[in-house]
Every structure is written in structure tokens, then in C-alpha cells.
2 protein chains.
Amino acid sequence: MSSADPLEDAVRASKAPAIARAAAVLRLLGKRGSPMGVQAIARELGLVPSTCLYVLRALVAEELVAFDPDTKRYALDAGVLTLARAWLKRDQFNDLAQGPLDRIAREFGLTTLGVQIFGLDHIIVTAMSQSSQNFQLSTQIGSRFPALVSATGRCIAAFCDQDIADLRPRFDSLRWDEAPSWADWCAQVCEARETGVAVDAGHYISGVTVVAAPVWKNGADATGAPSHALVAIGIGAALRGELEGLKQALAGAARSLSEQLAG
Amino acid sequence: MSSADPLEDAVRASKAPAIARAAAVLRLLGKRGSPMGVQAIARELGLVPSTCLYVLRALVAEELVAFDPDTKRYALDAGVLTLARAWLKRDQFNDLAQGPLDRIAREFGLTTLGVQIFGLDHIIVTAMSQSSQNFQLSTQIGSRFPALVSATGRCIAAFCDQDIADLRPRFDSLRWDEAPSWADWCAQVCEARETGVAVDAGHYISGVTVVAAPVWKNGADATGAPSHALVAIGIGAALRGELEGLKQALAGAARSLSEQLAG
DNA sequence: ACTCATTGTTCAATATATAGAATAACATTC
DNA sequence: GAATGTTATTCTATATATTGAACAATGAGT
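Because the structure is predicted, anything quoted here is derived from the model rather than measured.

**Q** Can you help me understand the side chain of D77 of chain A in this one?
**A** Inspection of the secondary structure assignment puts D77 of chain A in the loop between β2 (73-76) and α5 (79-90). Here D77 of chain A is buried and forms no salt bridge, its nearest opposite-charge partner K217 of chain B lying at an N-O distance of 7.6 Å.

**Q** What am I meant to see in the state of the cysteines here?
**A** Simply put, the disulfide is a covalent bond whose two ends are the sulfur atoms of two cysteines. One pass over the structure, following the stated rule, counts zero disulfides over all chains. Free cysteine C190 of chain A: the closest other cysteine sulfur is in C186 of chain A, separated by 6.9 Å.

**Q** What am I meant to see in the relation of the copies chain B and chain A here?
**A** One copy of the chain maps onto the other through a rotation about an axis followed by a shift along the same axis. If you rotate chain B by 179° and push it 0.0 Å along the axis, it lands on chain A with an RMSD of 0.1 Å. Here the symmetry operator amounts to a two-fold rotation axis. The residues that chain B uses at the interface reappear at the interface of chain A in 98% of cases, marking a shared surface.

**Q** Would you explain the packing of helix α6 (residues 92-108) of chain B against helix α10 (residues 243-262) of chain B in this entry?
**A** When two helices pack together, their arrangement is given by the angle between their axes and by how far apart the axes lie. Residues and elements named next belong to chain B. Relative to each other, α6 and α10 sit at 165°, their axes nearing to 10 Å. When the axis of α6 is compared with that of α10, the two are roughly antiparallel. When you trace α6 past α10, the crossing you get is right-handed. Across from Q92, F93, L96, A97, P100, I104 and F108 in α6, the residues of α10 making contact are G245, L246, A249, L250, A253, L257, Q260 and L261. When the residues that make up the contact of α6 with α10 are grouped by side-chain class, the tally is twelve nonpolar, three polar and no charged.

**Q** How should helix α9 (residues 182-195) of chain A be read in this particular structure?
**A** Working note: α-helix, 3.6 residues per turn, so residues spaced by three or four point in the same direction. Residue and element names in this part refer to chain A. With 14 residues, α9 extends 20 Å between its outermost C-alpha atoms, agreeing within 8% with the 20 Å of an ideal straight helix rising 1.5 Å per residue. Of the positions making up α9, those classed as buried are W182, W185, C186, V189 and A192. The buried side chains of α9 occupy one side of the element, clustering within an arc of 115° when seen end-on. Residues of α9 that are exposed and point more than 90 degrees away from the buried face comprise A183 and E194.

**Q** Help me understand the interface of chain B and chain A, please; the structure alone is not making it clear to me.
**A** Listed by partner, the interface residues are 47 residues for chain B and 46 residues for chain A. Taking both partners together, chain B and chain A bury about 4000 Å²; carbon and sulfur atoms supply 69% of that area. Of all residues in chain B, the largest losses of buried area upon contact with chain A belong to I19, E62 and L81 of chain B, amounting jointly to 16% of the total for that side. Where chain B touches chain A, the interface holds three salt bridges. Among the ionic pairs, E62 of chain B bridges to R27 of chain A, the shortest N-O distance being 2.5 Å. At the junction of chain B with chain A, the criterion picks out ten residue pairs in polar contact (both at pLDDT 80 or more). Within the residue set of the side of chain B that touches chain A, elements represented by two or more residues are α2 (17-31), α4 (49-61), α5 (79-90), β3 (111-118) and β4 (122-130) of chain B. When grouped by side-chain class, the residues that make up the side of chain B that touches chain A number 27 nonpolar, ten polar and ten charged.

Conventions and cut-offs
- The residue numbering used here restarts from 1 in each chain and proceeds along that chain's sequence as written.
- Chain letters and ligand numbers both follow the written order, the letters beginning at A and the numbers at 1.
- Thresholds applied to this predicted model are a pLDDT of at least 70 for local features of residues and 80 or more for the giving and counting of side-chain atom pairs; totals over whole chains, interfaces and linings are not thresholded and use all residues.
- No hydrogens and no water enter the side-chain calculation; it runs on all heavy atoms of the structure.
- Each helix is a run of DSSP H or I of at least 4 residues and each strand a run of E of at least 2, with the numbering of both proceeding from the N terminus.
- Exposed residues in this analysis have more than 50% of their type's maximum accessible area, buried residues have under 20%, and partly exposed residues fall in between, with area computed by a 1.4 Å probe over protein chains only.
- Only four residue types enter the charge count: Lys and Arg as positive, Asp and Glu as negative, with His and the chain ends excluded.
- For this analysis, a salt bridge means a side-chain nitrogen from Lys or Arg found within 4 Å of a carboxyl oxygen belonging to Asp or Glu.
- Any two cysteine sulfur atoms lying within 2.5 Å of each other are counted as a disulfide.
- In this comparison the copies share one frame, found by least squares on the C-alpha atoms of residues holding pLDDT of at least 70 in both.
- We call two residues in contact whenever any of their non-hydrogen atoms come within 4.5 Å of each other.
- Inter-axis angles, ranging from 0 to 180 degrees, are taken between N-to-C directions of lines fitted to C-alpha atoms, where helices are fitted over the stretch in contact.
- Working definition: roughly parallel below 35 degrees, roughly antiparallel above 145 degrees, roughly perpendicular at 65 to 115 degrees, and oblique for all remaining angles.
- Here a crossing is called left-handed whenever its near helix is offset anticlockwise from the far helix by less than a right angle, and right-handed whenever the offset is clockwise.
- Side-chain classes are defined by residue name, with Ala, Val, Leu, Ile, Met, Phe, Trp, Tyr, Cys and Pro counting as nonpolar, Asp, Glu, Lys and Arg as charged, and the others, Gly among them, as polar.
- Expected span of a helix, by definition, is 1.5 Å for each gap between consecutive residues, and there is one gap fewer than residues.
- Summarising the geometry, the arc corresponds to the directions from the helix axis toward the C-beta atoms.
- When two parts are put together, the accessible area they lose, computed with a 1.4 Å probe and summed over both, is reported as buried area.
- N or O atoms within 3.5 Å of each other form a polar contact, as long as, within protein, one can give a hydrogen and the other can take it, and as long as residues adjacent in sequence are counted only when both atoms are side-chain atoms.

Right, dumping it as C-alpha cells:
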């Protein structure tokens, strides 16, 4: 018998529930831009106010949360930045991916991303390169997306351990500008499995073409799921003729990256 | 009677010690680039291995820490990035500071930083602008420095609530390439208090001149300590004649920022 | 191949973090 | 200006997270 509240589940399951609560508080404070009071946070997360207060105080002591004594409001603090910087610095994928991403972005005049894949759940943007700064397509580093959506989703579906049919419920819950049919999508997933590249032609965002190629942390020989992916985002109409070239460039860069990460 | 171990103190003082432990683990994993095992982490932080394991599992569940089942090693995960992005997005200082920082960096051909001040303890770089990408002076976003060092340190000392004499022990513990004498430093602090700008001419890093101007979150009228600062970093020899102009530009931008943040 | 020394992990007793009510300090409204 | 709805905060009993020892599981060294 499981609770409807995901946070409550995490708290119950863990032997260190304070950490789950702390993470939830941090995420909430991140989502809301504005500072929040103790009660507001507790109410939102279904926490006991006193417990919430202790969590906040601990987070303030660690400089992950800033406290304004005047307004008695809490907000995210710069400590999170220090952690993020450390992570960015030591993830080989980012260092190795930045070069190829820059090259492809410049060559084709579009935006490229490096993303980390978290199973079938979601992906996070960890590297980015933009050629033309006037057109700010895409997103920022740290953004999250559902795993199975867009071109990256087809890559993930193509190389995940599960049977495609099992992905149906997940597929049905996705949001697209112009959702593809299940049959079309399955065919595109198969194609991605064979070619090592996937294309989303205006489905996820109308008029925008997304190309993605999977990257394996432990060599492309592994039958397991890819750990990362390279993504290119461009105006569909603008890269008609170049699409094949882009696909090959991205796939080639992804293969090369997989080999480098294998060592 | 206080322990010699700062983490232990934090754990004892808090009503949510798991959070202090979790933060310590995250910072340790950040400092070491490479993944670590449970025992290594526990030993390093003076934690009980079993407790450490539970902390790690909770952090893995929150996607703040990545776990490799094969090697049984833990490392920072991308979740920290999501938090950092949220923070950067909603801190007014960064948004407002980026423009002036870009302008000054371009105009004088050097590197500019926006930093957040954490009392007399340390500062964190939260914004940055580089003009010439070939010369990579300076640091990255998220870097920490001791509060009282370099030009920023003089600003902080100038406007902190404490008496200058009380800062002596902190001053003595700083590391400089060419440390100034206590008397010289005090004079420079006084000058910073009067002019609203501070200069470090090759003391912190030989040959490198650093200029800093304090920014107040709640208006420059406050007698309290500044919350942020604008910093410019350049090769000393290269900006000889422009130093006065740079000081005025930085001080002016800092004043303007303080006013904007006051609202 | 067999120690030996590590490692990661489980388990039960106890110190303690948490929940919930009570308190205090505001605002806001009447 | 009293009253009412907030808010943040303290307090204490109890459910429980933490501890330290015991347990596997791995690998190194002889």
C-alpha cells in the first residue's frame, strides 16, 4: 500500500529521510523563483512545519539556502553553484563533447546540446553550443526533459533493454506539438536502432527539427542503454538539404565520443 | 567544549544532522574528481560507514549522486546542475550585473566577475565576462575565495561591522603572492571605504591587478556589509594608464546596481 | 589455493530526530 | 484597539535514524 505522495514514499523508504526532505525543499525553492516562508514550504511539500524549519536551518548552515532575517523568507543560495561547478568540471563527457558540439554548431549554424540520460525517466542538458546568438532556440544547461520525447527519445527507446510495446504507456503520456502515431514512432525507433541517429521533424516543436545520436559511457559494444546523447536543434526549413550531412556528423561525433569514453 | 572536527560540530548542533552529512559528502565528491567508495568517504569525513551508506543511498535516490553498480563507486550527479541553474536564473544580482560586466570587460579588454559575499568568510563567483578568450585569467563561476583576500577583501574589510584591528588574525592567515604589510593593508582598506573602490596591484597574484567595488542588496545607504561586489581582473602592466578610468567605471556600475537592487 | 585484509552490507539496541500541540510574534481586519 | 487569522518558533514524548558490531564479498599477497 503506497502513498499517493512521492515525497512521502521517498521519506518512508529511506534510512535518511531528512535528505529526501532537504532535496525536495531545494527543488521547490528552485522552481519558485521567489523566497518562501516556512509554512508555505511545509504546506506545499506536506511536511510538518517544525520539521521543515529544522531542515531549512540545516540547509542554511550549509549555505545551500539563504535566509533573510527581516522577511523570514528562504531561497536558494550560491552553495549549489559550487557543487554544480565541481560536477561540470569532472564529467569527462562534457569536456570531450564540447569540442564536437562547437564544431557542429558552427558548421551547420544551429544549436547543439549534450545531454545525460536518466533511464526512461528524463534527460538533463549538460553541455551546449550556440552558433547564432540572435536565435535563442533550445534551453539552458541543467534543463530537464522527459526521456522519450523528441529525437533523443527515439534513441533511448531504440537502445533500452525493454520491449518497445512496454513503452506504450510512457509514450501516451508525452506532450508533443504534433504527436506522431504509435506506429510511426515505432518505425522511427527501429530506424534509429539501425542507423544510430534519430530525427524529430517538427513533432516535438512545430517547425523545429531535432537530431540526436546516442553515446555510451562504456563503449558502443555494450548492449545496455546509452548514457548520454548529442543533440542538434535547428529550424526545419533552414536545414532541409543539410539534414543528411548533419545526421552523419552527429552520428560520427557520437561514435567517436563513445570510443573515447570507453577507455 | 567543541570538537576539532567542523563537520562533527555541525552535526551535533543541528536537529537534522543527516543534511549536514549529506552536504559534506557532496562537497567531498565535488572536490575529488574521481568516484569514491563508501569506506573512503566515511573515513575522510569521520562518518560511520553504515551511516555513510544510507546517506549515499538517499542522495542517489535524489539524483544528486551517481552510483556505479559495477565498481560500487559514488560520484556527483547532474541533479546538482538543475538546482544551480534555478539559482542563477532567479538571483536579481546576476541578471542586472551581467550587462555592466560585459560592457566593462569589452571596453577595457579584461575579465570581470560578479561575486556574492558570505560575511567575513568567503566569496563566490556568480557571474563572469571575458573579453579576450585567448587569455584565460581568473576563474570559473562557482569558485570560492577567502573573503579578505585581494581587492574584494579590502572592500569587505572596509564596510564590515567589525573594528579593523579585530581582522588581524584573519589577515594573517591569508595567502598572497606578495603579501602587503598590515599597515599598508589598513591604509588601503580606509581608502576603499572613502572611495568605494579597492585595488590590489599584484599582491594577490604577481603582475595581476584586481579592482573591486562593493554592491549592497538593500541600497547603499545601509551601514551593514555589502552583499555582492563587482570585480575586474587584468594584467597590471597592460592597464597602467586606464586604471583610474576602470576604477570609476566599476564604482559607477556598482553604485547603479545597488540602487537597482534597493527597490 | 589459502590466507589476510580489505571492501560493501545487514542488523538490532539506543541515542535522537521528528511530530504535534502549545507558545509567541506578527499582521490584518473589524 | 481589541480580535482574529496568520506567522515563526519552542517543547516534549515517541517513533526511528544512527551506531557499532557482525556478516558477506571481493581482491591482494604469499
